[in-house]
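Observations on the three-dimensional arrangement
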Amino acid sequence: MTDEHGPGRVTAEFREVYGTEPGGVWAAPGRVNLIGEHTDYNDGFVMPLALPHTCLAAASPRTDGVLRLHSGDVPGGAVELRVEELSPVAGGAGGGDRGGWAAYPAGVVWALREAGLLTGGAGGADLHFESTVPTGAGLSSSAALEVVTATALNDLYGLGLTPPRIAQLCQRAENAFVGVPCGIMDQMASACCTEGHALFLDARDLTQRQVPFDLAAEGLRLLVVDTRVKHELGDGAYASRRAACEAAARALGVRALRDVPFEGLDATLAELERLGCDAATRRRVRHVVTEDRRVEEVIQRLDAGDTRAIGPVLTAGHASCRDDFEISCAELDLVVETAGAAGALGARMTGGGFGGSAIVLVAEADADAVSKAVTEAFGAAGHRAPRIFPAVPSAGARRL
């Protein structure tokens, strides 16, 4: 962590904003998803890893039920709210601005209060945030903001919450308070990941396994390519994809698409057609079922010590996201196609889709050439230059 983004700086900025010393400084990371896209809200498998990019929070408790939120990344003064008045109907950032950044930490406080963890005057706090997680890049900047808030309040108020429970409360905040129907992966990654590992997570029961992921030792590198584009259809399209998956599960009489066996997929798709489900819905089902299988394939190859062999699985995952789930875009497809042609071992879009980032698995010796090829392809297509950086498996939320 650099001096420009560390506890000393956020402490000084907290002091400048609030006129007092903070009770501590906490960090929570963004994430990149290695494999398992749109499977978490289908009770399936995912495999994220935490990035070194973090959201930091300096915080102190208050006894008057007032919540003050300030960001060094957003112009303007502190947002002041009353804990007892927080509600999903009113939104978070004052005036019902559900899209405002302050709705995310305010939603966390609401979720903690709703869970009976903050009572009486407890729950008030002064918080100052600063983040290096790129926004709009599909790298979970919002989850990092939520998780660092919950982690700080957990410590300040001695709530005794485990990292998985923190993740669940943060997901509730985003679903019910902010109004985004996300799954549990992003919050679990930010709360639970460990340095040098990817997190193999069962989204149904939240069982998890830390899988060693030491790319440097194998002469490999995982690049994140932030396309710097975010297509506005994303939010509504995300909700429609989730609704289609849930409708298909109801039609099949299963709890979630996790329960559709890969071996019987063709028969399931035929049954959905017989039941009147349209072709788009059947494609969504095919993506989820095959994507869960791809997560299992990646785990098997990593456990066997053959990290290079996950490359084709990543690329197959992109094709499924593009063709069956239809959440890719021209810029993401260009990254995957160009990287593959330039010698990458595999590549895929990562995150919710419709823009954001892709990941590229490359041999260390080829990283610069692949990065150069992708950047030149963007220039030739008239796109803004992408931001490319290595994904280094990093630590989850913690007090600094």
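As the structure is a prediction and not an experimental result, all values here were calculated from the model.

A look at the overall build of the protein
For the protein, the helix and strand inventory stands at eleven helices and twelve strands. Against the 2.2 N^0.38 benchmark of 21 Å for 400 residues, the protein shows a C-alpha radius of gyration of 21 Å, consistent with a compact globule. Structurally, the protein occupies a C-alpha span of about 60 × 50 × 40 Å along its principal axes. Expressed as a percentage of the 400 residues in the protein, the buried residues total 55%. Sequence-distant contacts in the protein: of pairs separated by 6 or more residues, those separated by 24 or more amount to 72%. When the accessible surface of the protein is summed, it comes to about 15200 Å², and 50% of that surface belongs to carbon and sulfur atoms. Positive and negative charge centroids in the protein, built from 36 and 52 side chains respectively, lie 3 Å apart.

Here we look at the environment of Gln-168
Here Gln-168 is to be found in helix H4 (residues 163-178). In the structure, Gln-168 is positioned 21 residues away from Val-147 in sequence and 9.9 Å away in space, judged by C-alpha atoms. In contact with Gln-168, not counting residues within four places along its chain, are Ile-184 and Leu-206.

Focus on the packing of aromatic side chains
For the coordinates displayed, the defined rule picks out five aromatic pairs. A ring pair is formed by Trp-101 and Phe-129, whose centres lie 5.9 Å apart and whose planes are at 75 degrees; its orientation type is edge-to-face. Placement of Trp-101 in the loop between strand E4 (79-82) and helix H2 (103-114) and of Phe-129 in strand E5 (residues 125-131) is noted, with a sequence separation of 28 residues between them. A residue is classified by how much of its surface remains accessible, and Phe-129, at 2% relative accessible area, is buried. Ring centres 5.7 Å apart and planes at 40 degrees place the aromatic pair Trp-110 and Phe-177 in the tilted group. A residue pair is termed long-range when its members are at least 10 positions apart, and Trp-110 in helix H2 and Phe-177 in helix H4 qualify at 67 residues. Residue class for Trp-110 comes out buried when judged on its relative accessible area of 5%.

A closer look at the sheet that holds strand E9 (residues 346-350)
An order of E9-E10-E8-E11 is seen for the four strands of this open sheet, with the pairing classed as antiparallel. At either margin of the open sheet sits one strand with a lone partner, and together these are E9 and strand E11 (387-390). Adjacent strand axes in the sheet meet at a mean angle of 20 degrees, parallel and antiparallel pairs treated alike. Across eight bridges, strand E8 (residues 220-230) lies against strand E10 (residues 355-363) in antiparallel orientation. Directly across from Val-225, in E10, lies its bridge partner Ala-358. In the packing of helix H10 (residues 330-341) onto the sheet, the strands contacted are E8, E9 and E10, and the crossing angle to E10 comes to about 10 degrees. Packing of helix H11 (residues 367-380) onto the sheet brings it into contact with E8, E10 and E11, and relative to E8 it is tilted by some 15 degrees.

A word on the UniProt feature "active site" (unreviewed entry) in the protein
Within the UniProt annotation, "active site" (unreviewed entry) is assigned to Asp-186. Sequence-distant contacts of Asp-186, defined by excluding residues within four places in its chain, comprise Arg-31, Ser-140 and Ala-143.

Notes on the side chain of Asp-43
Mapped onto the elements of the fold, Asp-43 is located in the loop between strand E1 (24-35) and strand E2 (45-61). A relative accessible area of 15% means that Asp-43 is categorised as buried. If we skip the residues at most four places from it in the chain, Asp-43 touches Asp-202, Ala-203, Arg-204, Arg-255, Ala-256 and Arg-258.

Considerations on the side chain of Asp-40
With respect to the helices and strands, Asp-40 occurs in the loop between E1 and E2. From its side chain, Asp-40 meets the backbone nitrogen of Ile-184 in a polar contact 3.2 Å long. Ignoring any residue separated from it by four or fewer positions in sequence, one finds Asp-40 in contact with Val-46, Gly-183, Ile-184, Met-185 and Ala-203.

Rules and cut-offs
Residues numbered from 1 in each chain as written. Predicted model: local features only at pLDDT ≥ 70, side-chain atom pairs only at ≥ 80, totals over all residues. Heavy atoms only, no water. Helix = DSSP H or I, 4+ residues; strand = E, 2+ residues; numbered from the N terminus. Rg over C-alpha atoms; globule rule 2.2 N^0.38 Å. Buried < 20%, exposed > 50% of the residue type's maximum accessible area, 1.4 Å probe, protein only. Contact = heavy atoms within 4.5 Å. Areas by Shrake-Rupley, 256 points an atom, 1.4 Å probe, with all protein chains shown as cover. Lys, Arg positive; Asp, Glu negative; His and termini not counted. Charge placed at Lys NZ, Arg CZ, Asp CG, Glu CD. Phe/Tyr/Trp six-rings, centres within 6.5 Å; stacked < 30°, edge-to-face > 60°. Pairing = 2+ DSSP bridges. Axes fitted to C-alpha atoms, helices over the stretch in contact; angles between N-to-C directions. UniProt positions renumbered as here; feature names shortened; annotations may be inferred. Polar contact = N/O pair within 3.5 Å; in protein donor to acceptor, adjacent residues only side chain to side chain.

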